[in-house]
Amino acid sequence: MPESVSNITAQMPRAKLAGLLLFFLGPAVVIYLLFSIYPLVATMALSTYTSDPSGARHFVGPANFETLLGDALWSKPFWNALGNNLIFFAVHMCMQNPIGIALAGLLSLPGLRLKGFYRTVMFLPTMLSVVIVGFSWNLILSPLWGVASGALKAVGLGSLFAPWLGLESSALVTLSLISVWQFVGIPMMLIYAALLNIPEELIDAARVDGLGQFRIFFHIKLPLVLPTISLVSVLTFVANFNAFDLIYSVKGALAGPNFATDILGTFFYRTFFGNQLQLGNPTMGAAVATVMFFIILVGLCLYLFLVQRRIRRYAF
Amino acid sequence: MAAEQRAKSLGVHLVLIAYSLLAVGPILLVVMNSFKVRSAIFGSPLAPPDAATFSLIGYEKVFRSSHILTYYSNSLIVTLVSMALVLLFGAMAAWALTEYRFRGSTALALFLSIGIMVPIRLGSVAILNMMRSAGLNDTLTALILVYVAQGLPMSIFILSEFIEQVPRDLRDAARCDGVPEARIFFEVVAPLLRPAIATVAVFTIVPIWNDLWFPLILTSSDSTHTVTLGVQQFLGQYITDWNSVLAALSMAILPVVVIYVILSRQLIAGLTSGAVK
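The rules behind each value
Residues numbered from 1 in each chain as written. Chains lettered and ligands numbered in written order. Predicted model: local features only at pLDDT ≥ 70, side-chain atom pairs only at ≥ 80, totals over all residues. Heavy atoms only, no water. Helix = DSSP H or I, 4+ residues; strand = E, 2+ residues; numbered from the N terminus. Buried < 20%, exposed > 50% of the residue type's maximum accessible area, 1.4 Å probe, protein only. Contact = heavy atoms within 4.5 Å. Areas by Shrake-Rupley, 256 points an atom, 1.4 Å probe, with all protein chains shown as cover. Lys, Arg positive; Asp, Glu negative; His and termini not counted. Charge placed at Lys NZ, Arg CZ, Asp CG, Glu CD. Salt bridge = Lys/Arg side-chain N within 4 Å of Asp/Glu carboxyl O. Phe/Tyr/Trp six-rings, centres within 6.5 Å; stacked < 30°, edge-to-face > 60°. Buried area = accessible area lost by both parts, 1.4 Å probe. Polar contact = N/O pair within 3.5 Å; in protein donor to acceptor, adjacent residues only side chain to side chain. Nonpolar A, V, L, I, M, F, W, Y, C, P; charged D, E, K, R; others polar. pLDDT = per-residue confidence, 0-100. Patch = residues over 30% accessible without salt bridge, like charges linked within 9 Å, V, L, I, M, F, W, Y side chains within 5 Å. Axes fitted to C-alpha atoms, helices over the stretch in contact; angles between N-to-C directions. Parallel < 35°, antiparallel > 145°, perpendicular 65-115°, else oblique. Left-handed = near helix turned anticlockwise from the far one by under 90°.

Q: Hey, could you run me through the overall build of chain A in this one?
A: Broken down by element type, chain A carries 15 helices and four strands. Principal-axis analysis of the C-alpha atoms places the extent of chain A at approximately 80 × 80 × 30 Å. Out of the 316 residues in chain A, the part that is buried amounts to 53%. Taking all contacts inside chain A whose residues are at least 6 apart in sequence as the whole, residues at least 24 apart take part in 65%. Of the accessible surface of chain A, which amounts to about 14400 Å², a share of 68% is contributed by carbon and sulfur atoms. Seen as two clouds, the 17 positive and the 11 negative side-chain charges of chain A have centres 6 Å apart.

So, in structure tokens, the structure goes:
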């Protein structure tokens, strides 16, 4: 830190500094506390209450969590949603990162023409609303319209077509792939930026040693961008375990067929607001949100303590 | 050697073109078919509209049977007001956190950055209760307050990095002249943040414009719906009317595409300058 900073603050009368901090930090801190931190804490507090038919709230301690994990009526959909969410995340990890890395690798090849155009076009889906993307793919894959089956027929694979979004066995994976299609731009861009930041001398040295582009990529560039890949993975994790819009817009609140596409976000929505099958239950909804919060927190901690630390030494 | 190089580069371009088509194909398909008559949408979905198949019937129906213009103006108001407040309050907080040393400044910065990772959506139950008891449910104000809280952490984080790069001499010279701190920030420092502000603006606008969750839980009447929610509900009701559905989808897609094409250089510069690492 340059000395001037501490001097300025040290020379200032305490009251003046306090006034400045209040003026500059006040609005941001107040809004953030009121509409971000307080709701999170209040939701967790609410998860330890229950409301009776008259609307009065009673403290029940961990009873809601016992119901959620122990009562078959609640635990079955909960574990189903959690399992589906894990599959949703696994598909993203297995598809989104490798495709993103491959595209970033190609885009960062030296002397590639039109790279600005490719970047812009390939990032476009990421900018669109999940609702729009989900609905568009719903129409495209619909057997009614016949675009997907027609395209497969054109390449002689017509027999492979099935109403993937409607089948219990394939709906979840299909939705995950639609989400991958949309968000692959994020790993692509971040990894591309990291690749551009690799010092030129390193690559030149490798080329002088006679390594081809392929080996340079796998032996030099890829290890150097591992920190970015792990950052992208944790961003994906948080986004996936908080996802809702795509499933809701394609499948509705009931996440059909037969809850095959139900993930924690849709389960939370149904619990909180209710639907044709059940009444909304704010306190149980708060309990589901609290569980989601802890799942995300555990994921973030694992990342910080296990991955981030170990990967630091690669950073340049 | 040269021939081999050319073959390789051709291969790279083929892969990139194929992926580009996969990325924009579905969007083009929807927009293209929204300008066609019903029989052509089904008969030849992959053909662009021509004189015989061109039709605006879908758009007419959308305008007649939905409040699409209200939705657009709601989305615009919510997005622009939230963005302005996120930028103003975010830049002010970033300035205070980087410029003044005080006890707990590091802790406060860390506390503010929790919001980057923990989604505010998990506090929805309490947010709804709060808005109801404040009489703000079903208002655009409720949406704006939530979005400002959601956008602040990232904006403070990015803007702090930029403020640290502003030359120190500039502020010190102004201080020697006895210029008050608020004027140093608004008249000397803030104008220098313009490139950073554009980046933060893009990162703030996109998630707000595209959000479904908060409009869904916080607004209930047509007069407060945003485009994303309005179109979502419209699509649900008119699922069998393909002209309307495709037109509604296109109307929701087009503004974002236009904004993206205008701002894409800024966005990509922001992403690749390492501002979000």
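Picking up where we left off.
Q: Help me understand the environment of Pro257(A), please; the structure alone is not making it clear to me.
A: All names here are of chain A. Here Pro 257 lies in the loop between helix H13 (245–251) and helix H14 (264–273). For the pair Pro 257 and Gly 166, spaced 91 residues apart in the sequence, the C-alpha separation amounts to 6.5 Å. Leaving out residues up to four positions away in the same chain, Pro 257 has contacts with Leu 165, Gly 166, Leu 167, Glu 168, Ala 171 and Lys 251.

Q: Sorry if this is basic, but what is going on with the pattern of salt bridges here?
A: Working definition: two side chains of opposite charge can pair if their charged atoms are close together. Residues and elements named next belong to chain B. One pass over the full model with this rule turns up eleven salt bridges over all chains. Across the salt bridge formed by Arg 64 and Glu 60, the nearest N and O atoms sit 3.9 Å from each other. Placement of the pair is Arg 64 and Glu 60 together in helix H3 (residues 57–65), with a separation of four residues, close to one helical turn. Put simply, Glu 99, Arg 168, Arg 171, Asp 172, Arg 175 and Glu 181 are held in one network by salt bridges that share partners.

Q: Which parts of the structure should I look at to understand the packing of aromatic side chains?
A: Here the distance between the centres and the angle between the planes together describe a pair of aromatic rings. All told, the structure shown has 36 aromatic pairs over all chains when counted by the stated rule. Between the aromatic rings of Phe237(A) and Phe241(A), the centroid separation amounts to 4.8 Å while the plane-to-plane angle is 40 degrees, which identifies the pairing as tilted. When its relative accessible area of 2% is taken as the criterion, Phe241(A) is described as buried. Chaining the aromatic ring pairs together yields one cluster made of Phe244(A), Tyr248(A), Phe268(A), Tyr269(A), Phe272(A), Phe273(A) and Trp213(B).

Q: Where do I start with the interface of chain A and chain B in this structure?
A: Quoted interface sizes are often the accessible area lost when the parts come together. Contacts between the two partners involve 90 residues from chain A, matched on the other side by 91 residues from chain B. Counting each side, the surface lost to burial between chain A and chain B is near 8400 Å², with a carbon and sulfur contribution of 81%. At the junction of chain A and chain B, the tally comes to one salt bridge. The shortest N-O distance in the salt bridge between Asp245(A) and Arg121(B) comes to 3.3 Å. Inspection of the region where chain A meets chain B yields 15 residue pairs in polar contact (both at pLDDT 80 or more). Element by element, the count of residues in the side of chain A that touches chain B is highest for helix H2 (residues 14–46) of chain A, at 23 residues. Partitioned by chemical class, the residues of the side of chain A that touches chain B number 72 nonpolar, 13 polar and five charged.

Q: I would appreciate a short explanation of the confidence of the model for chain B in the present structure.
A: For residues with low pLDDT, the predicted coordinates do not support detailed interpretation. Scored by pLDDT, chain B comes out at a mean of 87, with 97% of its residues at no less than 70. Taken over the whole predicted complex, pTM reads 0.90, whereas the ipTM for its chain interfaces reads 0.89.

Q: Help me understand a nonpolar patch on the surface in this model?
A: Nonpolar side chains collect at one region of the surface, where Val298(A), Leu302(A), Leu304(A), Phe305(A), Leu306(A) and Val307(A) lie side by side and expose about 530 Å² of accessible area between them. With respect to the helices and strands, the residue Leu306(A) is situated in helix H15 (residues 282–311).

Q: Looking at this structure, how should I read the side chain of Thr219(B)?
A: All names here are of chain B. Structurally, the position occupied by Thr 219 is in the loop between helix H11 (213–218) and helix H12 (227–237). Given a relative accessible area of 5%, Thr 219 falls into the buried group. For Thr 219, the side chain forms a polar contact with the main-chain oxygen of Pro 215, separated by 2.6 Å. Among the polar contacts made by the side chain of Thr 219, one reaches the side chain of His 225 at a distance of 3.2 Å. Those residues within four positions of Thr 219 in sequence are excluded, and the remaining contacts are Asp 138, Leu 143, Phe 214, Thr 224, His 225 and Leu 229.

Q: Could you clarify how one ought to interpret helix H7 (residues 147–154) of chain A in this entry?
A: Side chains of residues three or four places apart in an α-helix project in the same direction, reflecting 3.6 residues per turn. Every buried residue of H7(A) is listed here: Val147(A), Ala148(A), Ser149(A) and Leu152(A). Against the buried residues of H7(A) lie helix H6 (130–141) of chain A together with helix H1 (2–33) of chain B.

Q: When you look at the packing of helix H7 (residues 140–165) of chain B against helix H10 (residues 194–210) of chain B in this model, what are you seeing that I'm missing?
A: Working note: a packed helix pair is described by the angle between its axes plus the distance between those axes. Residues and elements named next belong to chain B. At their nearest, the axes of H7 and H10 sit 10 Å apart, and the two run at 155 degrees to each other. Regarding the angle of H7 to H10, the classification is roughly antiparallel. The handedness of the crossing between H7 and H10 comes out as right-handed. For the pair H7 and H10, contact is made by Tyr 147, Gln 150, Ser 155, Ile 158, Leu 159 and Phe 162 and by Ala 196, Ile 197, Val 200, Phe 203, Pro 207 and Ile 208, respectively.

Q: Mind showing me how you'd approach the confidence of the model for chain A here?
A: Residues and elements named next belong to chain A. Residue-level pLDDT values for chain A average 87, and 95% of them are 70 or greater. The least confident element of chain A is helix H1 (residues 3–11), whose mean pLDDT is 57; the most confident is helix H8 (residues 171–183), at 94. Across residues 1–6, where pLDDT falls below 50, the model places eight contacts with residues more than four positions away in sequence or in other chains.

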